[in-house]
Amino acid sequence: MRSLCLALAAAGLFASAAATAQSTMRIGLQDDPDVLDPVRARTFVGRIVFASLCDKLVDISPDLKIVPQLAESWKTSDDGLTLTFTLRENAFYHDGAPIDAASVKANLDRAMTLPDSNRKSELISVASVDAPDARTVVLHLKERDASLLSQLSDRAGMMLSPATFDKEPGRNPVCSGPYKFKERVQNDRIVLDRFDKYWDKDHYHFDQVIFTPMPDTTVRLNNLRAGGLDIIERVAPSDAEAVKSDSNLRLAPVTGLGYQAISVNIANGPRADNPLAKDKRVRQALDLAIDRDVINQVVGEGMFQPAYQPFPPASFAYDKSIDRTGRDPKKAQELLKQAGYDRVKFELTFGNNTTMQQVFELVQAMGSEAGFDISLKPLEFASLQSALPQGDFQVGQTGWSGRVDPSGNIYQYITCKGTLNDGKYCDADMDKLMNEARSVADESKRRELYSKAMRKMQEDDPRIYLFYLPWIFGTQAKVQGFVPYPDGLIRLKDVTVAAK
């Protein structure tokens with residue numbers, strides 16, 4: 001009842017605002033983004049905001065091809081150790097400074113050296129960056145890296161004005177995209193204004209974009225129905241048919257590249273002192289206790305395809321032999337006994353939204369039947385993102401929206417120095433496989449290396465994959481030109497709202 005009251009009250013507020021601000025695009029997010037600094041950020045919803053706020057060197061197309069953005073063209077040397085970009089001439093930061101090679105070098109250097117950068121492992125193959133003239137950026141590599149272009153199509157390739165590096169860019173980002181930062185009210189809204197000097201401004205049609213976090217799926221949908229939001233992300237699978245059947249709305253689903261998983265804290269601080277961290281048989285038992293098919297049917301309405309690896313079926317690295325069906329609680333109990341336990345208690349920390357609450361209540365129930373006493377600890381999403389790198393968890397939710405190259409779905413999570421390796425799993429053989437897989441260009445050879453890595457992952461089980469992410473958008477029917485992308489981001493190029 002409280003959620004319904006909140007939904008109706010919010011719907012009235014947004015509908016009133018919509019009537020007087022038709023040039024504003026309003027977008028409902030599942031979570032509140034973390035810091036708005038591409039180098040430090042780690043949330044998916046932050047990437048949705050960045051898609052309007054911060055341009056990248058390159059972008060992707062709906063069919064996952066690398067396409068120009070701030071860089072008009074690029075070429076790789078014959079030995080694969082030099083990547084050269086040619087920048088477009090008419091691009092500016094939001095403070096009016098030109099986006100030139102020196103500023104791009106400054107951004108890449110910052111991403112590689114800032115102590116709390118989450119982009120270090122994404123750019124680990126880059127030895128140095130040169131700016132021989134205003135339009136040319138040269139990346140010198142330590143080794144061949146087949147994944148680098150795809151990394152530069154996301155936060156590693158986003159450009160902030162260097163003049164603002166020491167002015168808390170996470171709170172007041174001065175970026176390079178079609179919309180510039182205006183204000184943020186934590187857990188309430190992020191407001192962006194149109195940037196009139198944007199190089200491609202004629203393709204962006206709103207004076208203002210407002211992002212509003214709404215963790216409750218019912219609240220998001222009710223606001224869309226009431227006309228207070230124009231686009232919402234992650235429509236609950238149980239609501240998909242209702243959106244389809246509403247003539248005022250449009251459902252826009254797309255198969256994603258990412259996944260939801262849980263990560264075990266193996267060596268990150270005192271909370272790693274637990275049975276799951278100490279014995280891989282306990283982790284294997286938890287893995288066997290979880291029936292992904294049930295999660296898919298009960299919560300996903302058939303849209304949460306079970307996942308046992310970080311590579312989606314569309315990826316060349318996907319290995320079908322890794323998958324299985326159902327669960328095996330009897331074998332899970334046997335593994336616990338082999339490890340010396342009758343039952344194992346642990347705390348599972350996750351981001352508090354409607355869908356993940358349902359998923360982890362199922363995990364809790366299935367785990368109980370296999371010998372696990374799981375206590376659930378829901379946190380606001382921003383608090384979860386703070387707790388994970390600090391090691392303030394035993395088992396934690398870890399989702400990833402996915403990258404075009406398979407390295408982007410795994411490298412930073414399981415290599416010893418991976419910047420998103422919150423559980424601190426570290427294995428020299430795994431690192432060797434991951435580095436070799438990035439350094440070769442031949443897909444068949446890379447596939448073989450990733451298959452070896454996946455078999456080792458099944459043995460060590462530092463991360464337990466649950467399901468692949470579908471991106472299910474809902475829009476007002478009057479929203480025209482919106483194209484869902486497999487990376488789940490909302491791109492507003494050529495999006496318009498038809499007059500009533």
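Note: the structure precedes this text.
Presented here is a report on the structure given in the accompanying data block. From a predicted model like this one, the values you see are computed outputs, not experimental measurements.

1. Considerations on the nonpolar core
Buried together is how nonpolar side chains tend to be arranged in soluble globular proteins.
Step number 1: Membership of the largest hydrophobic core comes to 105 residues, with the highest contact counts inside it found for Ile27, Phe211, Ile290, Ile295, Phe360, Phe372 and Leu492.
Step number 2: Per-element accounting of this core gives the leading share, eight residues, to strand β16 (residues 463-476).
Step number 3: Residues Ala91, Ala111, Met112 and Leu152 belong to the second largest nonpolar core, which totals 27 residues.

2. Observations concerning helix α5 (residues 217-225)
Since the α-helix advances by 3.6 residues per turn, residues separated by three or four positions end up pointing in the same direction.
Step number 1: Counting buried positions over the nine residues of α5 gives seven, a clear majority of the element.
Step number 2: Near the N-terminus of α5, the side chain that reaches the backbone nitrogen of Thr218, with its oxygen 2.8 Å away, is that of Asp216.
Step number 3: Following α5 by one or two positions, Gly227 has its phi on the positive side, about 90 degrees.

3. Observations regarding the sheet that holds strand β5 (residues 82-87)
Step number 1: Taken together, four strands build an open sheet; the order of strands is β4-β5-β7-β6 and the sheet is antiparallel. Edge positions in the open sheet fall to β4 (71-76) and β6 (126-133), since each of these has one partner strand only. In this sheet, neighbouring strand axes are inclined to one another by 20 degrees on average, regardless of whether the strands run parallel or antiparallel.
Step number 2: Where β5 meets strand β7 (residues 136-141), five bridges bridge the pair, whose relative direction is antiparallel. Bridging across to β7, Phe85 finds its partner in Val137.
Step number 3: This element, helix α3 (residues 101-113), spans β5, β6 and β7 of the sheet and lies at about 165 degrees to β6.

4. Side note on the side chain of Asn268
Step number 1: Structurally, Asn268 can be placed in the loop between β12 (249-264) and α7 (275-278).
Step number 2: Note on Asn268: relative accessible area 9%, which makes it buried.
Step number 3: Reaching out from Asn268, the side chain makes a polar contact with the backbone oxygen of Asp422 at a distance of 2.8 Å.
Step number 4: Setting aside its immediate chain neighbours within four residues, Asn268 contacts Leu388, Pro389, Gln390, Gly391, Asp422, Gly423 and Lys424.

5. Here's the deal with the packing of helix α14 (residues 428-439) against helix α15 (residues 443-460)
Step number 1: Taken N-terminus to C-terminus, the directions of α14 and α15 make an angle of 160 degrees; their axes are 9 Å apart at the nearest point. With respect to their mutual orientation, α14 and α15 come out roughly antiparallel. Pair α14 / α15 crosses with left-handed handedness. Across the interface between the two elements, Asp429, Met430, Leu433, Met434, Glu436, Ala437 and Arg438 of α14 pack against Arg446, Leu449, Tyr450, Lys452, Ala453, Lys456 and Met457 of α15.
Step number 2: The class makeup of the residues in the contact of α14 with α15 is eight nonpolar, no polar and six charged.

So, how was this worked out
- Residues numbered from 1 in each chain as written.
- Predicted model: local features only at pLDDT ≥ 70, side-chain atom pairs only at ≥ 80, totals over all residues.
- Heavy atoms only, no water.
- Core = buried A, V, L, I, M, F, W, Y, C linked by side-chain atoms within 4.5 Å.
- Buried < 20%, exposed > 50% of the residue type's maximum accessible area, 1.4 Å probe, protein only.
- Helix = DSSP H or I, 4+ residues; strand = E, 2+ residues; numbered from the N terminus.
- Polar contact = N/O pair within 3.5 Å; in protein donor to acceptor, adjacent residues only side chain to side chain.
- Pairing = 2+ DSSP bridges.
- Axes fitted to C-alpha atoms, helices over the stretch in contact; angles between N-to-C directions.
- Contact = heavy atoms within 4.5 Å.
- Parallel < 35°, antiparallel > 145°, perpendicular 65-115°, else oblique.
- Left-handed = near helix turned anticlockwise from the far one by under 90°.
- Nonpolar A, V, L, I, M, F, W, Y, C, P; charged D, E, K, R; others polar.

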